[in-house]
Amino acid sequence: MTQEEPRDRGRSAGLSPAAVALAARCEPRVNELARRMAREVFEQLRGYSGLPADVKDVEIAATARHAMRLFLRGAAGGVAPDALEHFQERAAQRAEEGMPLHLLLRTYGLGVRELWRVLRETAAPGEQDALAELAEALFTAEDRVVGAVTESYLDEQAALVAERQEQRRSRARALLEGGADPAGPTADGPTLVLYAGFIETVPSGERSPVAVRRLLRRAQTALDRAFGAETLALLDGGGGHVVVPGRGEAPARLLDALREAVGPEVRMACARAQSAQDIPAAGRQVAEVVRVARACGRPAGLHRLDDVLLEYHLSRPSDASDRIAALLAPLDGRPELLQTLRIHLGQRQDRRATARVLSLHPNSVDNRLTRIQELTGLDLGSPRDTALALAALSVRAAGAAGGGAAGGGVTGSDATG
């Protein structure tokens, strides 16, 4: 490259001939400066010394050398978009390698400081204006490069996080469907399977894609921290399954952690699968326990199979399911009556407790219960009709999805919330 080329490019960037000349006198020192920065200057940074030698001596030194030459040859202050691609590619590479962003950005900051030192040392008396021009150009170039580096790093990091999350979802899905773990054979032994229901924690009007993503991130973080490892979760805005191989019990504070992350109305059920073959049955059982507990008006919290044993049994599909569900058909279009029936049964037919949950006067609850009995013909004071009402609520909530009883290799978890 001739000496005229950097001068021409310097003029196109708005630099004076004096500034271009000063930058050109610094260019022969680039190789020496890049080596010193990689081996000495950057060693000041916490975490830099632990990087592999080839990353420090080759990758980082080469990037520093490229950045300094790019600036000194006049591109600073007028960097073309394609000139930033080198820094963006290196930033993505650093993100993939796990280099912290703060460490990466500080290498650029220290590089600018060292280049400024060389410019000051090289400037002769009377070149103050040229030095000031280069200082302004240097700050402009740093701003553009750091912006591009940060954006590229964060984009790559987000892509890596999404990839890891999808891998975990794929593993959870495979195990719940009875397939092989994509990450390799899962060690045979107990596996904790749980279902967490979030559907009551977020109002329907606030379930935007952004709100759901935030909720899922908080839930995943709470799960990982509670178990002390990355959990295999298959969640959406309404909740979902979590599979934890090698664990037979849930941490004592798991429910509290999920409540803090997602909201107080979390519902959760756990089961222990004795082997990998039992995971699908455990998954069906815990989801059904949560569904039945919600359908029958149970308060949110930790639900055990034993807590809803009768309701679980009554909700099993049979030839009579449609006729049982039809018992409550007269209440269609009257959601307040269905809600009252559900809460009243969940509160063990305690009218005052039902009134507290619904924020109603006990007399209003009585009026609603009377209207329910008039419309359906069910006598809620009769054990038989109460059992039919429970079964109807459960079967209606199941809908077309139905439900299958869990296999013999599944046991209820004794986890507490």
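Thresholds, definitions, all that
Think of each chain on its own: its residues are numbered from 1, step by step along the sequence as written. The model is predicted, so local features are restricted to residues of pLDDT at least 70 and side-chain atom pairs to those at 80 or more, both for listing and for counting; the totals for chains, interfaces and linings are taken over all residues. Think of the side-chain values as coming from all heavy atoms in the structure, minus any hydrogens and water. To count toward a patch, a residue needs a relative accessible area over 30% and no salt bridge; like charges are then connected within 9 Å, while nonpolar side chains (Val, Leu, Ile, Met, Phe, Trp, Tyr) are connected within 5 Å. Surface accessibility follows the Shrake-Rupley procedure with a 1.4 Å probe radius. Residue values consider only the protein chains on display as shielding. Whenever a carboxyl oxygen of Asp or Glu lies within 4 Å of a side-chain nitrogen of Lys or Arg, that contact is scored as a salt bridge. Positive charges come from Lys and Arg alone, negative charges from Asp and Glu alone, with His and the N- and C-terminal ends not counted. Note on charges: their place is set at NZ of Lys, CZ of Arg, CG of Asp or CD of Glu. We count a stretch as a helix when DSSP gives it H or I for four or more residues in a row; a strand needs E for two or more, and each element gets its number in order from the N terminus. Between buried and exposed lies partly exposed: a residue is buried under 20% and exposed over 50% of the maximum accessible area for its type, with that area taken using a 1.4 Å probe on protein chains only. We call two N or O atoms a polar contact when they sit within 3.5 Å, provided that within protein one can donate a hydrogen and the other can accept it, with sequence-adjacent residues counted only if both atoms are side-chain atoms. Contacts are assigned to residue pairs with any non-hydrogen atoms lying within 4.5 Å of each other. Two strands pair under a simple rule: DSSP has to find at least two bridges between them. Lines fitted to C-alpha atoms define the axes here, with helix axes fitted over just the stretch in contact, and angles between the N-to-C directions of these axes take values from 0 to 180 degrees. For classification purposes, an angle smaller than 35 degrees is called roughly parallel, one larger than 145 roughly antiparallel, one from 65 to 115 roughly perpendicular, and anything else oblique.

**Student:** So what exactly am I meant to see when it comes to a positive patch on the surface here?
**Tutor:** Together, Arg213, Arg214, Arg217 and Arg218 make up a positively charged patch on the protein surface. Within the secondary structure, Arg213 sits in helix α8 (residues 209–227). Classification of Arg213 as partly exposed rests on a relative accessible area of 47%.

**Student:** Would you explain the side chain of Thr354 in this entry?
**Tutor:** Examined against the element boundaries, Thr354 turns out to sit in helix α14 (residues 351–358). Classification of Thr354 by relative accessible area gives buried; the value is 0%. In this structure the side chain of Thr354 is engaged in a polar contact, spanning 3.1 Å, whose partner is the side chain of His344. Discounting residues that sit within four places of it in the chain, Thr354 has contacts with Thr340, Ile343, His344, Gln347 and Val365.

**Student:** Help me understand the pattern of salt bridges in this model?
**Tutor:** If charged atoms from side chains of opposite charge come close, those side chains can pair. Counted by the stated rule, this structure contains 17 salt bridges. Between Glu121 and Arg29 there is a salt bridge whose closest N-O contact spans 3.5 Å. Taken as a pair, Glu121 in helix α6 (residues 101–122) and Arg29 in the loop between α2 (17–26) and α3 (30–39) lie far apart in primary sequence, 92 residues in all. A salt bridge links Glu97 to Arg94, with the shortest nitrogen-to-oxygen separation between them at 2.9 Å.

**Student:** What exactly am I supposed to notice about unusual backbone geometry here?
**Tutor:** Trans peptide bonds make up the majority, and among non-glycine residues the majority have a negative phi. The phi angle at Arg348 is positive, at roughly 60°, despite the residue not being glycine. Locating Arg348 in the fold gives a position in the loop between α13 (335–346) and α14. Residue Gln349 is not a glycine yet carries a positive backbone phi of 60°. Secondary-structure assignment places Gln349 in the loop between α13 and α14.

**Student:** Teacher, can you tell me more about the pairing of strand β3 (residues 239–245) here?
**Tutor:** Put simply, side chains in a regular strand alternate between the two faces of the sheet. By the criterion of burial, β3 is predominantly enclosed, with 6 of the 7 residues buried. Here strand β1 (residues 191–197) pairs with β3 via 7 bridges, running antiparallel. Bridge pairing links Ala196 to Gly240 in β3. Counted between consecutive antiparallel strands, the loop separating strand β2 (residues 232–236) from β3 contains 2 residues.

**Student:** I'm lost on the packing of α2 against helix α7 (residues 128–176) in this one. Help?
**Tutor:** Each pair of packed helices can be summarised by the angle the axes make with each other and by the distance between the axes. For the pair α2 and α7, interaxial distance at closest approach is 8 Å and the crossing angle is 75°. Of the possible angle classes, the one that applies to α2 and α7 is roughly perpendicular. Across from Ala18, Ala19, Leu22 and Ala23 in α2, the residues of α7 making contact are Ala130, Leu131, Glu133 and Leu134.

**Student:** Got a minute to help me understand the pairing of β1 in this structure?
**Tutor:** Counting buried positions along β1 gives 7 out of 7 residues, so the element sits mostly inside the fold. With burial as the criterion, each face of β1 is covered, one bearing Thr191, Val193, Tyr195 and Gly197 and the other bearing Leu192, Leu194 and Ala196. Pairing of β1 with strand β4 (residues 267–273) involves 7 bridges; the strand directions are antiparallel. Within the sheet, the bridge partner assigned to Tyr195 lies in β4 and is Ala269.

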